[in-house]
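# A structural walkthrough
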Amino acid sequence: MRGNDLMPQPRALENIRVVDFSWVRAGPWATRWLGALGAEIIKIEWPENERGRLPSTTTPQNVEVNLNTSGNFADTNVNKKSLSLNVRSAKGLEIVKRLIAISDIVIENFSSRVLLKWGLGYEELCKIKPDIVYVSMSGYGHTGRNHAYTTFGPVAQSVAGLTYLSGLPGAPPAGWGWSYMDDTGGMYGAMCALTGLYHRNKTGKGQHIDLSQMVASVPMNGPALLDVSVNGRGSRRPGFPPGNRAHWPGTDLVNNYRGPTVAPHNAYRTHPGGYNDWCVIVCHSDDEWQWLVKVMGAPAWATDPKFATVSGRLQHQNELDEHIEFWSMTLGKYELTERCQADGVRALPVQSAEDRVEHDPQLRHREMYLPMEHPALGVHKVQNAPFRMSKTPAVNHLPAPLIGQHTQEIAEDLLGLSHEEFRAGFADGTFWPTERARFPYMEEMLR
Amino acid sequence: MSEALPGPLAGLRVLELADEKGQFCGKLLGDLGADVIKIEPPGGEPCRHVGPFLDDIPHPERSLSFWHYNTSKRGITLDVRTADGGALFRRLAATADVILETFQPGLLASLGLRYDSLREGNDGLILCALTPFGQTGPWRDYASSDLLHMAAGGEMASCGYDEADVPNAPPIAPGGGNAWHMGCHYAYISIMAALVYRTVSGEGQYIDASIHEACALTTEAAVANYVCRGEVLRRQTGRHHAVGPTNRTQFLAKDGSYVTALITGGLNPRNVRNLAALMDSYGMAGDLKDPKYQDPPVIAANAPHIMELLAAFIASLPAEEVYHAAQESGFTWGKVRTPEEVMEDPHLQDRGFWKQVEHDDIGRTFTYPGEAAIYNGSPWRISRRAPLIGEHNQEIFRDELGLSRGDLTILTENRVI
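Residues numbered from 1 in each chain as written. Chains lettered and ligands numbered in written order. Predicted model: local features only at pLDDT ≥ 70, side-chain atom pairs only at ≥ 80, totals over all residues.

## Points about the overall build of chain A
Defined as follows: Helix numbering and strand numbering both begin at the N terminus, where a helix is a DSSP run of H or I of at least 4 residues and a strand a DSSP run of E of at least 2. The contact criterion used here is simple: two residues whose C-beta atoms, placed from the backbone, lie within 7 Å are in contact.
Per the secondary structure count, chain A includes 18 helices and twelve strands. Along the three orthogonal principal directions, the C-alpha set of chain A runs to about 85 × 50 × 40 Å. For chain A, long-range pairs separated by at least 24 residues make up 67% of all intrachain contacts whose partners lie at least 6 apart in sequence.

## Let's talk about the environment of B:A261
All names here are of chain B. The topology assignment puts A261 in strand 10 (residues 258–261). Between the alpha carbons of A261 and D407 there is a distance of 64 Å; along the sequence they are 146 residues apart. Residue contacts for A261: discarding those within four places in its chain leaves T249, F251, L310, I314, A326 and W333.

## Comments concerning the nonpolar core
To be explicit about the condition: What we call a nonpolar core is a set of buried Ala, Val, Leu, Ile, Met, Phe, Trp, Tyr and Cys residues whose membership is set by joining through C-beta atoms within 7 Å. Three exposure classes are used, all based on how many other C-beta atoms lie within 10 Å of a residue's own C-beta (placed from the backbone): buried at 20 or more, exposed at 12 or fewer, and partly exposed between those limits.
Judged by nonpolar contacts, the single largest core of 250 residues is most densely connected at A:A193, A:V280, B:C128, B:A151, B:A193, B:I207 and B:V259. It is helix 8 (residues 178–201) of chain B that provides the largest number of residues to this core, a total of 15 residues.

## Considering the interface of chain B and chain A
Where we set the bar: As a working rule, the residues Ala, Val, Leu, Ile, Met, Phe, Trp, Tyr, Cys and Pro are called nonpolar, Asp, Glu, Lys and Arg charged, and the rest polar, with Gly in that last group. Two strands are counted as paired when DSSP detects at least two bridges linking them.
Tallying the contact residues gives 129 residues for chain B and 132 residues for chain A. Top element by residues in the side of chain B that touches chain A is helix 8 of chain B. It accounts for 16 residues. The residue inventory of the side of chain B that touches chain A, partitioned by class, reads 69 nonpolar, 43 polar and 17 charged. Sheet topology note: the strand 12 (residues 387–389) of chain A/strand 6 (residues 206–210) of chain B ladder contains three bridges and is antiparallel. Across the sheet, residue A:R388 finds its bridge partner in strand 6 of chain B, namely B:D208.

## Focus: unusual backbone geometry
Cis rather than trans, the peptide bond between A:F240 and A:P241 has omega equal to -5°. Secondary-structure assignment places A:P241 in the loop between helix 9 (222–231) and strand 7 (265–269). Each neighbour pair has its own omega, and for B:G51 with B:P52 the value is -5°, a cis peptide bond. Phi is positive for A:A298, which is not a glycine, with a value near 45°. Along the chain, A:A298 falls in the loop between helix 10 (286–295) and helix 11 (310–315). Here A:A298 falls in the exposed class, since 10 other C-beta atoms lie within 10 Å of it. Of note, B:D56 is a non-glycine position whose phi angle comes to about 60°, a positive value. Among the secondary structure elements, B:D56 is positioned in the loop between strand 2 (35–40) and helix 2 (64–69). Judged by the 14 C-beta atoms lying within 10 Å of it, B:D56 falls in the partly exposed class.

## A word on helix 12 (residues 317–328) of chain A
An α-helical turn contains 3.6 residues, so a residue and the one three or four places further along point in the same direction. Stated formally: The span one expects for a helix is its residue count, reduced by one, times 1.5 Å.
Helix length check: helix 12 of chain A (twelve residues) gives 16 Å between terminal C-alpha atoms against 16 Å at 1.5 Å per residue, within 8%. For helix 12 of chain A, the secondary structure elements touched by its buried residues are strand 7, strand 8 (278–282), helix 11 and helix 13 (333–342) of chain A.

## Focus: the domain arrangement of chain A
As a reminder of what qualifies: Segmentation of the chain into domains, including their bounds, is taken from an automatic or database domain assignment.
Once the domains are mapped, chain A shows domain 1 (17–219 + 365–446) and domain 2 (242–352). One C-alpha centre belongs to domain 1 of chain A, the other to domain 2 of chain A; they are set 43 Å apart.

## Some points on the sheet that holds strand 11 (residues 333–335) of chain B
Residue and element names in this part refer to chain B. This is how the line gets drawn: Here an axis means a line fitted to C-alpha atoms, over the contact stretch when the element is a helix, while the angle between two N-to-C directions is reported on a 0 to 180 degree scale.
Overall, antiparallel pairing links the three strands, which are arranged 9-10-11 in an open sheet. Looking at strand neighbours, the two that pair on one side only are strand 9 (250–252) and strand 11, the edges of this open sheet. Direction aside, the axes of adjacent strands within the sheet are offset by 25° on average. The strands touched by helix 14 (residues 319–328) within the sheet are strand 10 and strand 11, with strand 11 carrying the most contacts at an inclination of about 160°.

## Points about helix 16 (residues 407–414) of chain A
Residue and element names in this part refer to chain A. If you check which residues of helix 16 are buried, you get T407, Q408, I410 and A411. If you follow the buried residues of helix 16, they end up packed against strand 2 (40–45), strand 3 (81–84), helix 17 (419–427) and helix 18 (440–446). Phi turns positive one or two residues past the end of helix 16, at G416, with a value near 80°.

## Re the environment of B:T199
Its place among the elements puts B:T199 in helix 8. Classification of B:T199 as partly exposed rests on a count of 14 C-beta atoms within 10 Å. Considering only alpha carbons, one finds B:T199 and B:L100, 99 residues apart in sequence, at a separation of 19 Å. Excluding its chain neighbours within four sequence positions, the residues that come into contact with B:T199 are A:Y198, A:N201 and A:K202.

## Things to note about the pairing of strand 8 (residues 239–242) of chain B
All names here are of chain B. In the sheet, strand 7 (residues 234–236) pairs with strand 8 via two bridges, with the strands oriented antiparallel. Across the sheet, the residue bridging to R234 is A242, located in strand 8. The hairpin turn running from strand 7 into strand 8, its antiparallel successor, is two residues long, and G238 in that turn takes a positive phi close to 60°.

This is the structure:
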């Protein structure tokens, strides 16, 4: 059981505090998981140059679009507190330094020189907190001639070679239909923070971990890169990328970096032929092929000896795939999956987000999506961790913060400002722009 | 100087009982300094049979895929399914901090190697079971593959083509084994969280990690879009999934490569002005410098024309040149590069990214990809090439566990190691 409504004890990152300057997607996706593991995440925000809350295409249709109503922000930023603070003001900088002095990790995903320009470069951070773990998540890293270049996920994916992996031969790259490297860049951000924290706990020493979103993409192309450096074989070649296949018929029989070269290995339409009515089927051996033949009802074509061996199936792949699709069109994708898997055949449905949330029996059983109440959005399902830790489960325990929601709590309870000082910070534009309308919960704080 | 420093995970011992599903997680741990012992079945892991192969000569010691995913590990062979093998594994587990295993759910327990019993006398032991669907649920015992995970996880539903580019295109699964990467990244996070907790509590724990769930989590806003607005997204060529059609972002350059050209903030006066300046430096601005394009309604009315000028500009130059010129002008653009083009990138060379890895067994040295992040206090490094089959059997069974030559002979003859 996920037990998301309970604060489980103990938590893996109990008593760890993270100063989180990150925005948009990759950085916030990193700190979301540190929060789920129990760290206190203090998200530093400023409404005048906020990126991640707006513009929103994920605000529910019946809700006004404002800084607090992005559905995607709400999922990406669970388990955090929000401090609205003008770090570009002298007073704001002083306050963030006081916060860093009692924190364990500083994490940000700005361009390479932003924190340095604010006077918060690694050397300065060390003066404030000698064993700080500082994770910078810039596009190209803090070193190297292109460090000032900027990325979003799609650009990192392109420059690093991941986009080229995806598509049909002879067609333009299909690429990735989302910012894969914002998700995965976020993973690396969390990985670096945890690794640095472990090292600090063991040695007492902090460090600067200079993560690059673009560079992090490159090793994920490892076998293709080694094919270049070892065999001199590039990927700009006929038949690459081979669509969903392991190999494109009529081209050189070389490995295409997606596991063993086998057939069938493709996506097939299923009944009733809608936009996402597809199944994938893969046979890794002749035995698995025979099991598929049995599931299909042993049609005459399938018993032709030319399909009995993997080399035959690769050679006659177009014909093979046409026959399989003729059969797959007679079944719904979940029924096809169940029939195949009952006989050991590798098959699963192509699933949209709706399919995953509503129809996937495994994700339902594992409680992947559990409802959470958000103060501005109401109750919606939120994504959970893909791992169960027996002693310190990762759970979503706080909805995403409204902007500045925890400013008073952090300023007064954590940093010890008096209520008068806190109010003065609102009056002088440290905690909220003086000319900008305040949200009602801010008026509450100022009472 | 920093080269002499140990990695951040120095001193940790990891036992890896993993195939294609988990070998990357072992590499992540090993390259950061952990002593990863890869336990293969006698004769070697089946991943050794996945190409491409050195000089295209298939052989279990020549798989480049195996080489890449198994750096910085030592290797032993051991059949944990035999009684003797299980007993030896138990002795190794007593020396380990972390066990990473990718067996089908319940297999280790059926061999009497349940986590609780392995942990006896080794309270800090962490066991991460990384499996396709986790240890419970209706799909628990389903067979899987990288392609299957990309389908059910939702990746394929988001990747594909505009109808105009490829009519009736299927959903597309990007290649490269990324389902395994997704699972391994989350497995690494869970293991590190458990290790951090152990530094405080001294206690280990059991982790049940699911590759399907990891993949289902890796589609950016698709789930939020559905749960908040009920929308299902459509696939588009080389750019984000969306409810309805959006502007193209992928343009063909003169050399046949593509450029990913994002206009952050859309076609607003500032972006059009900067775009005109960039294109004008190549004499390709057309009429875009006309002051009328500083008026948002005029921009909106002429958006197709502006996009045509943009496409013509990119089509007039090599993709690499467009990429750098645009970045120098503040545009977040990139070239869609092949792996061989990535290897030429001077920025990666500046960062010391490429590593020379010695294959002493064949007297050759090869270039490998390096680190995602530079740790200034505890460097990442490839400490050794992937192990040969059973390469460290003597070192670990004899020198560390104290088995005799006779013991090893018997175990080998009985196909335990």
